[in-house]
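Chain and residue survey
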Amino acid sequence: MSSTFDTIANIIAETCDIPRDTITPESHAINDLGIDSLDFLDIAFAIDKAFGIKMPLEQWTQEVNEGKATTDQYFVLKNLAARIDELVAAKGT
Amino acid sequence: MRLEYFLLIDRVVSLDLKAGTIVCESTVPTESPVFEGHFPRYPLLPGVMMIETMAQCAGWFLVAMNRFQRMPFLAAVRDAKFRSFVKPGKTLIAEAKRTHDGSGYAMMETTLSCEGRIVCNGTITFHVAPFPSPDFETEMRERAASIGLLGHEALADG
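Residues numbered from 1 in each chain as written. Chains lettered and ligands numbered in written order. Predicted model: local features only at pLDDT ≥ 70, side-chain atom pairs only at ≥ 80, totals over all residues.

Re the overall build of chain B
To keep things clear, this is the line we draw: The secondary structure listing takes helices from DSSP runs of H or I that are at least 4 residues long and strands from runs of E that are at least 2 residues long, numbered from the N terminus. Restricting the calculation to C-alpha atoms gives the radius of gyration, and the globule rule supplies 2.2 Å times the number of residues raised to the power 0.38. With C-beta atoms placed from the backbone, a residue counts as buried when 20 or more other C-beta atoms lie within 10 Å of its own, as exposed when 12 or fewer do, and as partly exposed for counts between those limits. Note on contacts: residues are paired as contacts if their backbone-placed C-beta atoms lie within 7 Å.
If you tally the helices and strands in chain B, you get four helices and six strands. Over its C-alpha trace chain B gives a radius of gyration of 15 Å, about what one expects of a compact globule, namely 15 Å for 158 residues. Taking the principal axes of its C-alpha atoms as reference, chain B extends roughly 45 × 30 × 30 Å. The 158 residues of chain B split such that 34% are buried. Across chain B, the fraction of contacts at a sequence separation of at least 24, relative to all contacts at a separation of at least 6, is 69%.

Observations concerning the sheet that holds strand β6 (residues 117-130) of chain B
All names here are of chain B. In plain terms, the rule: Pairs of strands are assigned from DSSP output, requiring at least two bridges between the strands. For helices, the fitted axis covers only the stretch in contact; all axes are lines through C-alpha atoms, and the angles between them, taken along N-to-C directions, range from 0 to 180 degrees.
Spatially, β1-β2-β4-β5-β6-β3 is the arrangement adopted by the six strands of the open sheet, whose pairing is antiparallel. If you trace the sheet from one side to the other, it starts and ends with β1 (11-16) and β3 (70-82), each paired once. Taken pair by pair, the neighbouring strands of this sheet meet at an average axis angle of 20°, ignoring direction. In this sheet, strand β2 (residues 21-27) lies alongside β1 in antiparallel orientation, the contact comprising five bridges. Paired with V12 across the two strands is C24, which belongs to β2.

Details of the interface of chain A and chain B
Cut-off, in case you're wondering: Residue type decides the class: Asp, Glu, Lys and Arg count as charged, Ala, Val, Leu, Ile, Met, Phe, Trp, Tyr, Cys and Pro as nonpolar, and the leftover types, Gly among them, as polar.
Taken together, the contact pairs ten residues of chain A with nine residues of chain B. Mapped by element, the contributors of at least two residues to the side of chain A that touches chain B are α2 (37-51) and α3 (57-65) of chain A. In terms of residue count, α2(A) provides more of the side of chain A that touches chain B than any other element does, five residues in total. When the residues that make up the side of chain A that touches chain B are grouped by side-chain class, the tally is seven nonpolar, no polar and three charged.

Here we look at unusual backbone geometry
Residue and element names in this part refer to chain B. With an omega of -5°, the peptide bond running from H38 to F39 counts as cis. As for its position among the elements, F39 is in the loop between α1 (34-37) and α2 (47-65). We note that F6 has phi near 60°; this positive angle belongs to a residue other than glycine. The exposure class of F6 is exposed, given the 11 C-beta atoms found within 10 Å. Non-glycine residue E115 carries a positive phi angle of around 50°. Checked against the element boundaries, E115 lands in the loop between β5 (105-114) and β6.

Description of the pairing of β6(B)
If a strand is regular, its side chains alternate between the two faces of the sheet. Residue and element names in this part refer to chain B. Relative to β6, β3 runs antiparallel, the two being bridged by ten bridges. The residue of β6 that forms the bridge with R78 is T123. Looking at chain direction, β5 and β6 are connected through ten bridges and run antiparallel. Directly across from S113, in β6, lies its bridge partner I118. The turn joining β5 and β6, which pair antiparallel and follow one another in sequence, is formed by two residues; a positive phi near 50° is taken by E115.

Examining helix α5 (residues 77-91) of chain A
Note the threshold: Residue count minus one, scaled by 1.5 Å, sets the expected span of a helix.
In this model, α5(A) (15 residues) spans 21 Å end to end at C-alpha, consistent with the 21 Å of a helix rising 1.5 Å per residue. Of the surrounding secondary structure, the elements contacted by the buried residues of α5(A) are α1 (4-16), α2 and α4 (71-75) of chain A.

A closer look at the confidence of the model for chain B
Note that predicted coordinates carrying low pLDDT should not be read in detail. All names here are of chain B. Threshold: Confidence scores labelled pLDDT are given residue by residue by the predictor and lie between 0 and 100.
Residue-level pLDDT values for chain B average 94, and 96% of them are 70 or greater. Looking over chain B, one finds the lowest element-wise mean pLDDT in helix α4 (residues 149-156), namely 71, and the highest in β2, namely 98. Both scores are available for the predicted complex, with the pTM at 0.89 and the ipTM at 0.81.

A look at the packing of α1(A) against α2(A)
Residues and elements named next belong to chain A. Spelled out, the test is: Should an angle lie under 35 degrees it is considered roughly parallel, over 145 roughly antiparallel, and from 65 to 115 roughly perpendicular; all remaining angles are considered oblique. Definitions for this section: a left-handed crossing has its near helix turned counterclockwise from the far helix by less than a right angle. A right-handed crossing has that turn clockwise.
Here α1 crosses α2 at 140°, and the two axes come no closer than 10 Å. The orientation of α1 with respect to α2, classified from their angle, is oblique. Judged by the sense of rotation from one axis to the other, the crossing of α1 with α2 is right-handed. Note on element contacts: α2 touches α1 through D39, D42, I43, A46, I47 and A50, opposite T7, I8, I11, I12, T15 and C16. Tallied by class, residues from the contact of α1 with α2 come to eight nonpolar, two polar and two charged.

Topic: the packing of α1(A) against α5(A)
Residue and element names in this part refer to chain A. Where α1 meets α5, the closest approach of the two axes is 9 Å, and the angle between their N-to-C directions is 115°. As for the relative orientation of α1 and α5, their crossing is right-handed in sense. When α1 is examined against α5, the residues T4, F5, I8 and A9 are found in contact with a partner set consisting of L77, K78, L80, A81, I84 and D85. When the residues that make up the contact of α1 with α5 are grouped by side-chain class, the tally is seven nonpolar, one polar and two charged.

Structure, rendered in structure tokens:
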């Protein structure tokens, strides 16, 4: 079974036509991979479908805008994978 | 349809919030300045207006689903296909089905039909955000009433 990170990386590679081997757990989706907000909607859709969740993008964006969180917390891929794991775990409770 | 005003939905035929579907009807006007350019002596409904008609149909679904608390804005159109010409005077049926309800966005499969044949279809992504102003929301409620959305919304709620 592939890891959460691998699933996300594969989705990003396919959705944004980014070479898979350039996507690492340390990659920042926006700053390093150059993914814009519109492309991120496609990624969010694919992630929502793949994991059966609803990523709270609005809440995350609001937290970043209000200075309560940094973009690293949600958009560095290892952190994004951790957030997704939390959402999947919460779904099962 | 009032093409020049981008008021492209005449009436809501059906709305089912649980099923995630909406059906709207519109009649293409027989005359419009739009047809002076598109095309001279060969009037056709522009493809961009077919897309917009489907988007407005799907958009009204999302407005109803969000109880007028949020407004959908066009974000992306995917796999749009224009399968047939649409001439003035024709009645169109726009249909939309919600395929995904995300956080701050939604995706809808849409079709536009004329005389039983699909003339256009595509997948539309919307940003779904709070209304930027109370006046805008009020105006949209008035438009919703004029096309019969509010009655359907009440019916769909049982």
